[in-house]
Amino acid sequence: MAVETKSLPASAPTQVSWSELIAFVLMVSFLIVAPLFIYPVFLMKVLCFALFACAFNLLIGYVGLLSFGHALFFGWSSYVAAHLAKVGKISIPYWSGHWIVIPLPPLPPELAILGGTAVAALFGLIAGSLAIRRQGIYFAMVTLALAQMMFFFALQAPFTGGEDGIQGVPRGVLFGVFDLSNIMTMYFTVFVIFVVCFLLIYRIIYSPFGEVLKAIRENEPRAISLGYKTERYKLAAFVLSATLTGVAGSTKAIVFQLASLTDVDWPMSGEVVLMTLLGGLGTVFGPALGASIIITMQNYLASAGDITLHIFGFTLAMQPGQWVPVIQGAIFVICVLLFRRGIVGEIANFFRIRL
Amino acid sequence: MIFDLLGVPPQALFGQLLLGLINGSFYALLSLGLAVIFGMLNIINFAHGAQYMLGAFCAYFLLQFAGINYWLALIIAPIVVGAFGIVLERLFLKHLYKLDHLYGLLLTFGIALILEGIFRRYFGSSGIPYSPPQLLTGGYNLGFMYLPKYRAWVVICSLTVCLLTWFMIEKTRLGAYLRAATENPTLVRAFGINVPRMITLTYGFGVGLAALAGVMAAPIYNVSPQMGASLIIVVFAVVVIGGMGSIMGAIVTGFSLGIIEGLTKVFFPQASNTVIFVIMVIVLLTRPAGLFGRTT
C-alpha cells in the first residue's frame, strides 16, 4: 500500500526524537492548563475523539488498511458502557424466548468502561477476521457493510433504546474515590485515559511489532516472503485499533451520560477518517490535531446564529450548522487533492522532523 | 396451495417478491456502474448513491420547472448527471489514477457528502412525491396478485438496460477496447486509441446508469436527499458478494439479492434490513473472493 506518509529522516526508530518529545510536552501542558480557560466538557469531547482518531490511525496510518466501519466499535462500546453504568443487568437471547440473564447491579465507571472496551475488542476480533479476507478497496467496503449491519442491530436491540438512545447515564464514583460528577475530576480522568492510550499507541508504533506493520503497509508480498504471517499481524492491529476505539467510545458515554445512534451510524465512520486524514495519516500527533479542528468547527458552526447575507439584491439566509456535512466533504476533497500528508504530515515533511 | 401451508397469503408473498425484484434491479444497475467504473478508473465511486439521488432530483426539477415529463426525463436526467460526472472526472478524479485506491474512495466520499449536504439544506429530510406517468398508472390483476404497471415497467426496463450494457461490453468492438484498456491501458494507447477520453466517458456512463436508476426510483420511493446514502452501503455489500470481475455476475447478484431480501421481508421481517450483510459474511467465510470474483 503506497499511502503517502511522512518520509522519515534516518534515525534509529526506537529512539525518541526531540521533535516528538517537544510536541508531546506542549500537548500535555496545554491540556493541563486548558480547562482554566476553555469549557471542560468541550475539551473532553475533543479528547474522546482525539483518542478515537489515534486508534483509527493505528490501522490506516501504520498498516495501510482503510476501515470505513469504526463507528461500529465506537458506538457499540458506548452503548455497552452506558448500559453497564446505568442498568448493569445483562440479558442475552440464545434461542427464541430464552435469555441468559446475568443479574449485575449498575457498575462503577471503571468497570463500565472496561466492559465497553471488552465488547469493542470482541467485535474487533470478529469484524477483523472477516474483513482481512479481502484486500484494498474491498476491505473498506466490508468494514462499512459490517458496521451498517451492526447499526441495524443497535436500532432493533431493546437495550439500546432505539431512537432515544440510553440517556441519563450516571457518571458514578471512580475506584470508589473520585466523584466524577465534579467536572474537573471528570476532566482529569479523561485526560489520564487519553495520555495513557496515546503513549500506548506510541509504544506500539515504534515496537518491533509496529515495524512489521509498517513493512506490511509498504509491501505486503515482501513481508510475506520474509516469513511474516501478515494476516495475524493485520488482525492484531485491527483488534488493537478496535479496543482503543472502545476506550474512547466508553469514555464518551460516561462523560456525556449518553449513548445514541449517532455514534454507531456510518457518518461517524466517515468523520474519524476525515479527522485522521486532515491531521495526517501515519503521524503520531496528526489524528489528535485533526480531531480538535473538526470538533471545534462543528461546535462553532452549531452554536453560531443565523447569518443573513445581502448580495446584489439577493437575500441569503445561512444557518451555519446545516453546512457541516458540506464543509466536511469539501475538506475531504481538498485534503485528497492538495495535501495528502495532512497538516502534521506536511509540517513534519517540510522541517524533516518526526511528529 | 403451498403458500397457504407456509402461512403466508400469496398476495403478500408476490407483492414482496416484486418489490424485491425492483430493489434488485436498482442493486444491479448500481453495482454494474460501480464495476464498470472500477474496471477503468480503479476507483470505487462512493458518490454513486449521491448521483442516483441527483438523477431523481433532476427528473423532479424537469417536471417542476420545465414541465418535462417522465419519459423525456428518463433520457435527459442520465445525460445531465452523466455530464456532471464527466466534469468531476476532469476536475478531480483524473489526478488520482496513479495513487492508492483509497484516495479515490475518500475523494468521492467527500463529493457525496457535499452533494447530499446541499440537497438536505434546501429540501429537508422528508421526501418529495413524484407521480408515475399517465401511461403506467393502474395495474393488472393476475389472479394470484395485483401487478402495478409501473413496477412491471421498472423491472423490465432495468433488466433491458443491464443486458444491453452487458452486450455492449462483452460483444461489441467498443467493449473490446474497454476490456483491453482495463487490462493494459498503455498497450491500448500504443494502438492509437484515446484511453484517457475512454476513461472519462466510462465514468460518465457509469454515473448516467446511477442517474437512470434514480429516475426510475423516483415514483416508487419519494425523491429525498438521503435516498442514495443507505442504498450505496447495501450496494457495496452486493459488490463484495458478487465481486467486480464480471458484468453478468453483478447483474445476477443484484437481482437475486433483491429477491432474497423480498422473501426475508415475508418470512422473517426483523432481518430484512440485515439479510444482505449476513449473506456477505457467509460469502466472506466460504468464498473470500466473492461469487464471481477473481482472486486478487
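Residues numbered from 1 in each chain as written. Chains lettered and ligands numbered in written order. Predicted model: local features only at pLDDT ≥ 70, side-chain atom pairs only at ≥ 80, totals over all residues. Heavy atoms only, no water.

**Here's the deal with the overall build of chain A**
(1) Moving on: A count of helical and extended segments in chain A gives 13 helices and eight strands.
(2) Moving on: Computed over C-alpha atoms, the radius of gyration of chain A comes to 21 Å, within 12% of the 20 Å expected from 2.2 N^0.38 for 355 residues, which places it in the range of a compact globule.
(3) Moving on: Reported as C-alpha extents along the three principal axes, the dimensions of chain A are approximately 65 × 55 × 40 Å.
(4) Moving on: In chain A, buried positions account for 56% of the 355 residues.
(5) Moving on: Surface exposure of chain A reaches about 15000 Å², of which carbon and sulfur atoms provide 70%.
(6) Moving on: In chain A, the 19 positive side-chain charges and the 15 negative ones have mean positions that sit 9 Å from each other. (Helix = DSSP H or I, 4+ residues; strand = E, 2+ residues; numbered from the N terminus. Rg over C-alpha atoms; globule rule 2.2 N^0.38 Å. Buried < 20%, exposed > 50% of the residue type's maximum accessible area, 1.4 Å probe, protein only. Areas by Shrake-Rupley, 256 points an atom, 1.4 Å probe, with all protein chains shown as cover. Lys, Arg positive; Asp, Glu negative; His and termini not counted. Charge placed at Lys NZ, Arg CZ, Asp CG, Glu CD.)

**Brief notes about the overall build of chain B**
(1) Moving on: A tally of helices and strands in chain B yields 12 helices and two strands.
(2) Moving on: Whereas a compact globule of 296 residues would reach a radius of gyration of roughly 19 Å, chain B reaches 19 Å, a difference of no more than 12%.
(3) Moving on: Taking the principal axes of the C-alpha coordinates as reference, chain B spans close to 65 × 50 × 35 Å.
(4) Moving on: By residue count, 55% of the 296 residues in chain B fall in the buried class.
(5) Moving on: Sequence-distant contacts in chain B: of pairs separated by 6 or more residues, those separated by 24 or more amount to 77%.
(6) Moving on: Entry remark: accessible area of chain B is about 12400 Å², with carbon and sulfur atoms responsible for 68%.
(7) Moving on: Put simply, chain B has 15 plus and 7 minus side-chain charges, and the middle of one group is 9 Å from the middle of the other. (Contact = heavy atoms within 4.5 Å.)

**Observations concerning the packing of helix α2 (residues 40-60) of chain A against helix α11 (residues 286-303) of chain A**
Residues and elements named next belong to chain A.
(1) Moving on: At a minimum axis distance of 8 Å, the contact between α2 and α11 shows a crossing angle of 135°. As far as their axial angle goes, α11 and α2 are oblique. Handedness of the crossing formed by α2 with α11: right-handed. Contacts between α2 and α11 involve F42, K45, V46, F49, A50, A53, C54 and N57 from the former and P287, A288, A291, S292, I295, T296 and N299 from the latter. (Axes fitted to C-alpha atoms, helices over the stretch in contact; angles between N-to-C directions. Parallel < 35°, antiparallel > 145°, perpendicular 65-115°, else oblique. Left-handed = near helix turned anticlockwise from the far one by under 90°.)

**Concerning the interface of chain B and chain A**
(1) Moving on: In this assembly, 47 residues from chain B lie in contact with 43 residues from chain A.
(2) Moving on: Summed over both sides, the interface of chain B with chain A buries roughly 4100 Å², with 77% coming from carbon and sulfur.
(3) Moving on: Between the two partners, chain B and chain A, sit zero salt bridges.
(4) Moving on: Remark: the boundary between chain B and chain A carries four residue pairs in polar contact (both at pLDDT 80 or more).
(5) Moving on: At the level of secondary structure, the elements contributing two or more residues to the side of chain B that touches chain A comprise α5 (101-123), α10 (229-242) and α12 (275-286) of chain B.
(6) Moving on: Per-element accounting of the side of chain B that touches chain A gives the leading share, 17 residues, to α5(B).
(7) Moving on: Among the residues forming the side of chain B that touches chain A, the class breakdown is 32 nonpolar, 11 polar and four charged. (Buried area = accessible area lost by both parts, 1.4 Å probe. Salt bridge = Lys/Arg side-chain N within 4 Å of Asp/Glu carboxyl O. Polar contact = N/O pair within 3.5 Å; in protein donor to acceptor, adjacent residues only side chain to side chain. Nonpolar A, V, L, I, M, F, W, Y, C, P; charged D, E, K, R; others polar.)

**A few points about unusual backbone geometry**
(1) Moving on: Here A:R352, not a glycine, exhibits a phi torsion of approximately 55°, which is positive.
(2) Moving on: Mapping A:R352 onto the fold places it in the segment after α13 (342-351).
(3) Moving on: Notably, B:N42 is not glycine yet its phi reads approximately 60°, a positive angle.
(4) Moving on: Mapped onto the elements, B:N42 comes out in the loop between α2 (10-41) and α3 (48-66).

**Overview of the confidence of the model for chain A**
Interpretation of this model should avoid reading the predicted coordinates in detail wherever pLDDT is low.
(1) Moving on: Mean pLDDT over chain A: 87, with 92% of residues reaching 70 or higher.
(2) Moving on: Taken as a whole, residues 6-12 of chain A scores under 50 in pLDDT and shows 13 contacts with residues more than four places along the chain or in a different chain. (pLDDT = per-residue confidence, 0-100.)

**A look at the packing of aromatic side chains**
Geometry of an aromatic ring pair is reported as the spacing of the ring centres plus the angle between the planes.
(1) Moving on: On inspection of all chains with the given rule, the structure shows 41 aromatic pairs over all chains.
(2) Moving on: Ring centres 5.7 Å apart and planes at 45° place the aromatic pair B:F61 and B:F123 in the tilted group. Note that B:F61 is positioned in helix α3 and B:F123 in helix α5, a separation of 62 residues in sequence.
(3) Moving on: Pairwise contacts between aromatic rings join A:F68, A:W266, A:F332, B:F46, B:F109 and B:F236 into one cluster.
(4) Moving on: Its end group placed over the ring of A:Y138, A:R134 keeps NZ or CZ at 4.0 Å from the ring centre.
(5) Moving on: Over the ring of B:Y122 we find B:R121; its NZ or CZ atom is 4.9 Å from the centre of that ring. (Phe/Tyr/Trp six-rings, centres within 6.5 Å; stacked < 30°, edge-to-face > 60°. Lys NZ or Arg CZ within 6 Å of the ring centre and 35° of its normal.)

**Some details on the pairing of strand β1 (residues 90-95) of chain A**
Residue and element names in this part refer to chain A.
(1) Moving on: When β1 meets strand β2 (residues 98-102), the two strands line up antiparallel, connected through five bridges. Across the sheet, residue P93 finds its bridge partner in β2, namely W99.
(2) Moving on: A loop of two residues connects β1 with β2, the two strands running antiparallel in sequence, and G97 in this loop sits at a positive phi of about 85°. (Pairing = 2+ DSSP bridges.)

**A closer look at helix α10 (residues 266-279) of chain A**
(1) Moving on: Between the first and last C-alpha of α10(A) there are 21 Å, a value that for 14 residues agrees with the 20 Å anticipated at 1.5 Å per step.
(2) Moving on: Trailing α10(A) by a residue or two, A:G280 shows a phi angle of about 135°, which is positive. (Expected span 1.5 Å × (residues − 1).)

**A look at the nonpolar core**
(1) Moving on: Residues A:L66, A:F194 and B:M216 are the most contacted members of the largest nonpolar core, which totals 231 residues.
(2) Moving on: Looking at this core element by element, the count peaks at 18 residues for α2(A).
(3) Moving on: A:F194 has contacts with A:M27, A:L31, A:L47, A:A50, A:L51 and A:A288, leaving out every residue within four places of it along the chain. (Core = buried A, V, L, I, M, F, W, Y, C linked by side-chain atoms within 4.5 Å.)

**A look at the pattern of salt bridges**
All names here are of chain A.
(1) Moving on: Inspection of every chain in the model, using the stated rule, returns seven salt bridges over all chains.
(2) Moving on: Note that E211 is salt-bridged to K214, the shortest N-O span being 3.3 Å. Here the residue E211 and the residue K214 both occupy positions in helix α7 (residues 208-218), the gap between them amounting to three residues, near one helical turn.
(3) Moving on: Exposure remark for E211: the relative accessible area of 31% places this residue in the partly exposed category.
(4) Moving on: Using a relative accessible area of 11% as the deciding quantity, one classes K214 as buried.
(5) Moving on: For D263, the salt bridge goes to K252, with nearest N and O atoms at 3.1 Å.

**Quick notes on the environment of B:G24**
Residues and elements named next belong to chain B.
(1) Moving on: Here G24 lies in helix α2.
(2) Moving on: Residues G24 and V87 lie 63 residues apart in sequence; the distance between their C-alpha atoms is 29 Å.
(3) Moving on: Apart from the residues lying within four places of it in its own chain, the contact partners of G24 are G254, F255 and G258.

**Let's talk about α13(A)**
All names here are of chain A.
(1) Moving on: Taken as a whole, α13 has its buried residues at G342, V344, G345, A348 and N349. Axial view of α13: buried residues confined to an arc of 130°, hence all on one face. Exposed side chains of α13 directed beyond 90 degrees from the buried face belong to F350 and F351.
(2) Moving on: The inward-facing, buried residues of α13 abut α10 and α11.
(3) Moving on: Of the residues flanking the end of α13, it is R352, one or two places downstream, whose phi is positive at about 55°. (Arc of directions from axis to C-beta.)

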